[in-house]
Amino acid sequence: MEKLKENATIDKAPIDLTGHENIEIFGAREHNLKNIDTVIPRNKLVVITGISGSGKSSLAFDTIYAEGQRRYMESFSAYARSFIGDMERPDVDKINGLSPVISIEQKTTSRNPRSTVGTLTEIYDFLRLLFARTGVAYSYLTGKAMIRQSEDQIVEHLLQNFEKKKLILMAPVVKGRKGHYRELFVQIRKMGFTKVRVDGVVMDMVPKMQVDRYKTHDIEIVIDRIIADADDRYRIAQSVKTALSHGKGVMMVRDEETNIHHFSKYLMDPETGLSYDEPAPNNFSFNSPYGACPSCNGLGQIEEISEASVIPDDTLSISRGGIAPLGDYRDIWIFKKIDAILKRYKVNLSTPIKDIPKEVMEVILYGDDVPVAVGSKKYPGTEWNTKFEGIIKFLEKQKQEGTEKTKRWIEDFMHIKTCPSCNGARLKMESLHFKIADTNISQLARMDINQLANWFVGVEDRMTEKQQLIAPEILKEIRKRIGFLLDVGLDYLTLNRPLRTLSGGEAQRIRLATQIGTQLVGVLYIMDEPSIGLHQRDNVKLINALKNLRDIGNTIIVVEHDKDMMLASDYIIDIGPGAGRHGGQIVAAGDPSKFLKEGGITANYLKGEVNIEVPKKRREGNGNSLVLKGAEGNNLQNVTLKLPLGKMVCVTGVSGSGKSTLIHDTLFPILNQYFFRARKNPLAHKSIDGLKHIDKVIEVDQSPIGRTPRSNPATYTGVFSDIRTLFTELPEAKIRGYKAGRFSFNVKGGRCETCEGAGMKLIEMDFLPNVHVPCETCKGKRYNRETLEVRFKGKSISDVLDMTVEQAVEFFEHQPKILRKIKTLNDVGLGYISLGQHATTLSGGEAQRVKLATELSKKDTGKTLYILDEPTTGLHFKDIQHLLDVLNRLVEKGNSVLIIEHNLDVIKVSDHIIDLGPEGGDGGGTIVAEGTPEKVAKSKKGYTGKFLKEELGL
């Protein structure tokens, strides 16, 4: 360790409260780490790099972060720890100089539709406060500013505007509600009042007075009848006070011409009497019942059963399955009921639906109140007369009350649409009519961060004096947080963008911006590839943001493959030399200049001594194209996408330029619906041509292959079924009568029942992330003793799950069916992961490559379109070469590969580039350049060409 310290040229950092100037790690053995010792300088930007699976995350997250979290837990009292249990100590001898640790990972994106960019960054919370304290209320009926008046102001108004006129002062007690109100009238009489106004008519109070309980009524107490004279000011003031008291802050005045005038101590429209509650921050929250739109409960969308999904083909008759939920005709009650309804209108079950009158279909879908007679099967000669509730009404009822299986079935007929009440704004109508500078809170939440920043420039000049006194502190906080988002290159996002729609890199950068905003000092931040999804142009912003975080007195450790990030860092640690059991050692460490001199795979790529070669000739393709016309979803501006087939095509562009909207949200759903009848609807577009040139589409994205430890590469690729079948054919298994289910850890029989085959138990940590600990009975093996006694080549089913893909290729070399699937995992560079590795521990890039391997192991037709979303995530330069070999193999067979990518190594070797831009958000949404990499590099439009020109050396 001393020798390591001498060799490492580390600039001395200030010694802080820990008493150490470096973080010193001794004997780290977690996962594949080979008892390594290392020194990490404090208060520096440190990059940990290395090929995929070499042990970067094992060092950064499973050792340093896990120990930091454990020490935090140890600071709790023994009583508190008794509820949450002890956290397992990472396999390391000692760590010195560890600060409080904050981990910013890719996997922690919330799937909750209520979590948005605004709520996570707290900008929306400050906006709510701003609107509650300074917003000006407008009536949603007349559009005029609402007013609030004190008792004195109301009296003054009456004396000035109705001088010497007869007035009736009234207190509203019932507004637009049904009931007989006997008790209310008794109560009014007991209070001494003699007259009331019911539905616009003033009448005397009489004993046992009541109104029609089935009609809606407006009832006001007549408080006083006065003449507006200044000499009578005291009486008028007392009557106004009484009226406001009984009317709960609201009163009405009827003049001599019987016109009604409304007054309120609260916000009120003087013309219509419409009043709002006093605004509070909750009134502007779509997560609170006080502010959420009642129709969609603050989600901005509603699910409804659409006629199009219930009747997918109106050329069919009802008897031929024209109504999808019913299927073909059967001799059951509902078909007899529909038949009886149709006979009433002189059509029958064999009539094509398009020829059935619209009003008849309305009755069948939504029901009516006319009883329908249907003959009884059980009692011949008798008829049942019942009303028909309608197919859609029945499905809606079952969606609320049915079994889980029924609810899942009904989801096939559900359609998500923008809420018609709030038009996607998520808030109540009242909340949307509070404005600052003629803008409501929803309009601000829909602006991208750039527009929002511009709106707040000089907003004080558009405010009233009162607003200017209240707003400064709130505006300061909002501007600060908007600035942080701009600093990390997220200027194209909007505050109302749900977190679940963000990429891993975007979510990380939002959390990074939030952390910069907290201005903590003396903290160790550990980040997992924050540059994912970031165009080269925006990399500088991210690096500067990390340096700012470092400069205020924090240590930043970044697990990263990005060339710019490595060269801009203060210190680099390269772990390798290989992946899995071939890695786990420190290959090189030092500041960038020293690191480059030391050599190694990473250093050689950084110096340009090793390169991913540009092909000498670009593929010509098969001459066919897929043409998507008039795409207008989100920020796309009537884009026409011409996708040449039989090539490797890259879609590029700055973050937020519209790549995902064009490919994931428009093109893929169109193809998915066409080939597989998928439910997700594509975004707005005019037409698509060329579908006949492909026969299927496969999307390989970065979503996890499973959200529980039960999912793993073996189960996802399907190879585990073949392995279980192999085990059932062994003599020992046949003697014992074991079937394939015996070797499944998901069903009873062969699994360990203590952990139910999970191999680990979940400990809920309440206010901290949940922790998985190995099962104490099976010690993580998942199976019971009897199952583990069946062995193939001396290995139990649990031993097979523990094998790395690399080991499994050798182990199953004489089992062709199993070998084919495992070999593809090895081909995509995943030889280091184990077959049974929990899906929750795979990175986004690894999950994507497992999916890619699964698709590769299937027989392809040569007419398949593969769509990949940033497949280089988590990949070292060397791994990218592996990936490109696999993708090139697919294209050579005649398939087409479409990649959304920022990595220049992939972009430069593709056959065709489609570059979107020029900017993100509203400044993007057009195709700025397309063609071969050379053609795009020479183009003066967009940012990609500039970086590509440098990369190709043109």
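The structure we're discussing is the one just above.
Remember, it's a predicted structure, so these values are computed and weren't measured experimentally. (Residues numbered from 1 in each chain as written. Predicted model: local features only at pLDDT ≥ 70, side-chain atom pairs only at ≥ 80, totals over all residues. Heavy atoms only, no water.)

Chemist: Give a description of the pattern of salt bridges that names residues and reports values.
Modeler: Evaluated as defined, the whole model comprises 48 salt bridges. Between lysine 343 and aspartate 339 there is a salt bridge whose closest N-O contact spans 3.4 Å. One end of the pair is lysine 343 and the other is aspartate 339, both in helix H10 (residues 333–344) and four residues apart, which spans about a single turn. Overall, aspartate 339 belongs to the buried group, its relative accessible area being 19%. The partner of arginine 785 in a salt bridge is glutamate 786, and the shortest N-O contact between them spans 3.7 Å. In this structure arginine 785 comes out as exposed when scored by relative accessible area, which is 57%. (Salt bridge = Lys/Arg side-chain N within 4 Å of Asp/Glu carboxyl O. Helix = DSSP H or I, 4+ residues; strand = E, 2+ residues; numbered from the N terminus. Buried < 20%, exposed > 50% of the residue type's maximum accessible area, 1.4 Å probe, protein only.)

Chemist: Requested: an account of empty space enclosed by the protein, with residues and values cited.
Modeler: A complete count under the given rule lists one cavity of 30 Å³ or more for this structure. Each pocket or cavity is described by its volume, and for the largest cavity that value is around 80 Å³. Lining the largest cavity are Thr116, Tyr124, Phe286, Ala425, Arg426, Leu427, Ser442, Ala445, Arg446, Leu495 and Asn496. Sort the elements by how many residues they give to the lining of the largest cavity and helix H14 (residues 441–446) lands first, with three residues. Classifying every residue of the lining of the largest cavity gives six nonpolar, three polar and two charged. (1 Å grid on protein atoms, 1.4 Å probe; cavity = no way out; pocket = protein on both sides within 12 Å on 5 of 7 lines; lining within 4 Å. Points joined across faces, edges and corners; volume = space filled by probe spheres on them. Nonpolar A, V, L, I, M, F, W, Y, C, P; charged D, E, K, R; others polar.)

Chemist: Give a description of the nonpolar core that names residues and reports values.
Modeler: The biggest cluster of nonpolar side chains holds 147 residues, and the ones touching the most others in it are Leu127, Phe456, Ile723 and Phe812. Top contributing element to this core by residue count: helix H32 (residues 877–892), with eight residues. Among residues more than four places away in sequence, those in contact with phenylalanine 456 are Leu127, Leu130, Leu475, Ile478, Arg479 and Ile482. Of all hydrophobic cores here, the second largest spans 31 residues; its members include Leu184, Phe193, Val211 and Ile219. (Core = buried A, V, L, I, M, F, W, Y, C linked by side-chain atoms within 4.5 Å. Contact = heavy atoms within 4.5 Å.)

Chemist: Can you tell me about the packing of H10 against helix H11 (residues 358–366), naming the residues and giving the values?
Modeler: In contact at an axis separation of 11 Å, H10 and H11 are set at 155° when each is read in the N-to-C sense. It follows from the interaxial angle that H10 and H11 lie roughly antiparallel. Judged by the twist between their axes, the crossing of H10 over H11 is right-handed. Along its contact with H10, which presents Ile338, Ile341 and Leu342, the element H11 presents Val360, Val363 and Ile364. Looking at the contact of H10 with H11 residue by residue, the class counts come to six nonpolar, no polar and no charged. (Axes fitted to C-alpha atoms, helices over the stretch in contact; angles between N-to-C directions. Parallel < 35°, antiparallel > 145°, perpendicular 65-115°, else oblique. Left-handed = near helix turned anticlockwise from the far one by under 90°.)

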